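For reference, the chains in residue letters:
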Amino acid sequence: MVASVDAVNQRSAPQPNARLLKTVKLGAGSQHEKEIHRIAMAPLTRFRNTPGTQAPTDLAVTYYQQRASPKGLLINEATFVSSEAGGYPTAPGIHSEEQVAAWKKVTDAVHAKGGYIYLQAWALGRANAGQDEGVETVAPSPIGLKDHPVPREMTTQDIDNFVKAYGEAAENALKAGFDGIELHGANGYLVNQFLESVSNKRTDDYGGDWQGRSKFLFRVLDAIINVFGQERTGVRLSPWGRFQDMLEEDPYATYIPVVQELVKRYPKFGYVHFVEPRNWTGMPETKYPKEGIFESNDPLRAIIRGVDFSSYPTPSDYAKTNPSFEDPTSERPTVILSAAGHDAENVEEFVERTGDVAAIGRYFIANPDLPERIFKGYPVRKYDRSTFYSPGPVGYIDQPTYQEEHVGKWVENAAVQP
Ligand SMILES: Cc1cc2nc3c(=O)[nH]c(=O)nc-3n(C[C@H](O)[C@H](O)[C@H](O)COP(=O)(O)O)c2cc1C
């Protein structure tokens, strides 16, 4: 059977001297320095873990191994730091011995192919829809999402418990062989709910101005760094995300000082992973952000790379210049990852300008050998949304590499045949 190839992504190989083909150092200058290539796998929830134990299965070992490549960075699917952090029965955890043992099989399989894997540390907060009756929905403020329970406002004791859980999850991730941790601070989950005023109306130390709203983020990062060190810690941020009723009226007013504080506190921080300002959920545009704001992560890139844009009247004015950026250096080693909307056609130009590592989600689902396809100019297969979250092997471990398609060994839906 002929594989479906996305015609949009039929293109030639990148220019031989393209930045896309040059590796970058993660944790430069540290004992954990790693050379990685420019196509990472974005974190992708697939809802295929064992109900009850919430441990990954042997199918997950195959899935991640298929997507590993020499010098390739994978970020695993968002993983609950404790049972209180959860609420989706088939999403994974990293808080039991069984889960640690199962993840160890995954990390070993990735390392055997010369790749790296980070754990994305997750807590749902108000996004907990109550599917798992044992897990109470808690959040910074009692502001519910549609069709979700109204969350109970977290006490300072709850906050302390969560911070501790992130630290314990980091210890477990280390035992499970992960190369680092990416704190999930994006897409409307717990850390993001603290950061943005739309979901944080607290009047104590954890609310109010950006300093109060980022206090939880920095406490959690401290707990993770305590285990992995700055060099092996990353954070995902979505300043422009509208998913789950998020978005600041002026995202720059929060995210500029937060990123400034991040680089000041942690000069050797591993990476910041930005979700690009693109509405990947396909949700209708909202009234935010405030008129006149040009949506871009470039001002945040500038802060990380040490570029001064204070001569521009506003961050938007600077962003409109479409600036380009240097690679990380040993003085400023923090790598920038960027996700949302990258494909085989546009990624070369994007990486050329920004120097980022492109994290790709949906195309990695359908193309286990995506980096090789992009680096060599092979066609890229279109993904099938209907199997993103369906249980079992279909759309999960049955996706062909270019070589498999080419030598004709691959049969569509073979994984479902008895
Ligand atoms: C099936 C699916 C699952 C996802 N799961 C996660 C997740 O666990 N954590 C996360 O931060 N983002 C998650 N995302 C967002 C992706 O990491 C990525 O930002 C998004 O798909 C846009 O990138 P793309 O255009 O390359 O797909 C998910 C997206 C999809 C499509």
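Residues numbered from 1 in each chain as written. Predicted model: local features only at pLDDT ≥ 70, side-chain atom pairs only at ≥ 80, totals over all residues.

Caption draft 1: Here's a closer look at the overall build of the protein. Across its full length, the protein holds 13 helices and 13 strands. A globule of 418 residues ought to have a C-alpha radius of gyration of about 22 Å, and the protein, at 21 Å, matches this closely. Taken along its principal axes, the extent of the C-alpha atoms in the protein is 65 × 55 × 45 Å. Contacts in the protein between residues far apart in sequence, at least 24 positions, make up 72% of those at least 6 positions apart. (Helix = DSSP H or I, 4+ residues; strand = E, 2+ residues; numbered from the N terminus. Rg over C-alpha atoms; globule rule 2.2 N^0.38 Å. Contact = placed C-beta atoms within 7 Å.)

Caption draft 2: The site of the ligand, seen in detail. Around the ligand sit 21 residues in total, of which Ala-42, Pro-43, Ala-78, Gly-361 and Arg-362 are the nearest. Here the shell around the ligand is composed, by residue class, of eleven nonpolar, seven polar and three charged. (Near = placed C-beta within 6 Å. Nonpolar A, V, L, I, M, F, W, Y, C, P; charged D, E, K, R; others polar.)

Caption draft 3: A look at helix α1 (residues 58–67). Taken together, the buried positions of α1 are Ala-60, Val-61, Tyr-63, Tyr-64, Gln-65 and Arg-67. Residues of α1 that are buried in the fold lie against β3 (39–41), β4 (73–75), α2 (97–112), β6 (116–122) and α11 (362–366). (Buried ≥ 20, exposed ≤ 12 C-beta atoms within 10 Å, placed from the backbone.)

Caption draft 4: Structural detail: the environment of Tyr-88. Along the chain, the position of Tyr-88 falls in the loop between β5 (79–80) and α2. Along the backbone, Tyr-88 and Ala-127 are 39 residues apart, and their C-alpha atoms lie at a distance of 9.9 Å.

Caption draft 5: A look at unusual backbone geometry. A positive phi angle, close to 60°, is found at Asp-147, a residue other than glycine. Mapped onto the secondary structure, Asp-147 falls in the loop between β7 (138–139) and β8 (152–153). When the 7 C-beta atoms within 10 Å are taken as the criterion, Asp-147 is described as exposed. Even without being a glycine, Asp-245 presents a positive backbone phi close to 60°.

Caption draft 6: Just helix α8 (residues 298–305), in detail. Counting buried positions along α8 gives seven out of eight residues, so the element sits mostly inside the fold. All of the buried residues in α8 are Asp-298, Pro-299, Leu-300, Arg-301, Ala-302, Ile-303 and Ile-304. Contacts from the buried residues of α8 go to α7 (251–265), β11 (271–275), α9 (315–319), β12 (335–339) and α10 (347–354).

Caption draft 7: Region of interest: the confidence of the model for the protein. Chain-level statistics for the protein give a pLDDT mean of 93 and a share of 92% at 70 or above. Note on residues 1–5: pLDDT under 50 across the span, and ten contacts to partners over four residues away in sequence or across chains. (pLDDT = per-residue confidence, 0-100.)

Caption draft 8: Representation of the packing of helix α3 (residues 156–175) against helix α6 (residues 215–228). Direction vectors running N to C along α3 and α6 enclose 30°, while the axes themselves pass 8 Å from each other. Classified by the angle between their axes, α3 and α6 sit roughly parallel to one another. In this structure, α3 meets α6 at a crossing whose hand is right-handed. From α3, Ile-159, Val-163, Tyr-166, Gly-167, Ala-170, Glu-171 and Leu-174 reach across to α6, where they touch Phe-216, Arg-219, Val-220, Ala-223, Ile-224, Asn-226, Val-227 and Phe-228. Taken together, the residues that form the contact of α3 with α6 break down as eleven nonpolar, two polar and two charged. (Axes fitted to C-alpha atoms, helices over the stretch in contact; angles between N-to-C directions. Parallel < 35°, antiparallel > 145°, perpendicular 65-115°, else oblique. Left-handed = near helix turned anticlockwise from the far one by under 90°.)

Caption draft 9: Structural context of the environment of Ile-225. Following the sequence through the fold, Ile-225 ends up in helix α6. Remark: the alpha-carbon pair of Ile-225 and Tyr-266, spanning 41 residues in sequence, is separated by 9.4 Å. Those residues in contact with Ile-225 that lie beyond four places of it in its chain are Gln-230, Thr-233 and Tyr-266.

Caption draft 10: Region of interest: the pairing of strand β10 (residues 233–237). Summarising burial for β10: five of the five residues are buried, a large majority. Judged from the five bridges that link them, strand β9 (residues 180–185) and β10 form a sheet pairing that is parallel. Paired with His-184 across the strands is Arg-236, a residue of β10. Bridge count for β10 against β11 is four bridges, and the pairing is parallel. Bridge pairing in β11 links Gly-234 to Tyr-271. Remark: the β10/α7/β11 crossover connection has right-handed handedness. (Pairing = 2+ DSSP bridges. Right-handed = clockwise from strand over helix to strand, strands pointing away.)

Caption draft 11: Up close: the pairing of β6. Taking burial as the measure, the seven residues of β6 include seven buried ones, the bulk of the element. Where β5 lies against β6, two bridges are found, and the strand directions are parallel. In the strand pairing of β6, Thr-79 is matched with Ala-121. Sheet analysis places β6 next to β9, joined by four bridges and oriented parallel.

Caption draft 12: The arrangement of the packing of α1 against α2 in detail. One way to put it is that α1 packs onto α2 with a least axis distance of 8 Å and a crossing angle of 25°. As summarised for this structure, α1 and α2 are arranged roughly parallel, according to the angle between their axes. In this structure, the crossing between α1 and α2 has a hand that is right-handed. Residue-level inspection shows Ala-60, Val-61, Tyr-64 and Gln-65 of α1 in contact with α2, the latter providing Lys-105, Val-106, Ala-109 and Val-110. In the contact of α1 with α2, the residues fall into six nonpolar, one polar and one charged.

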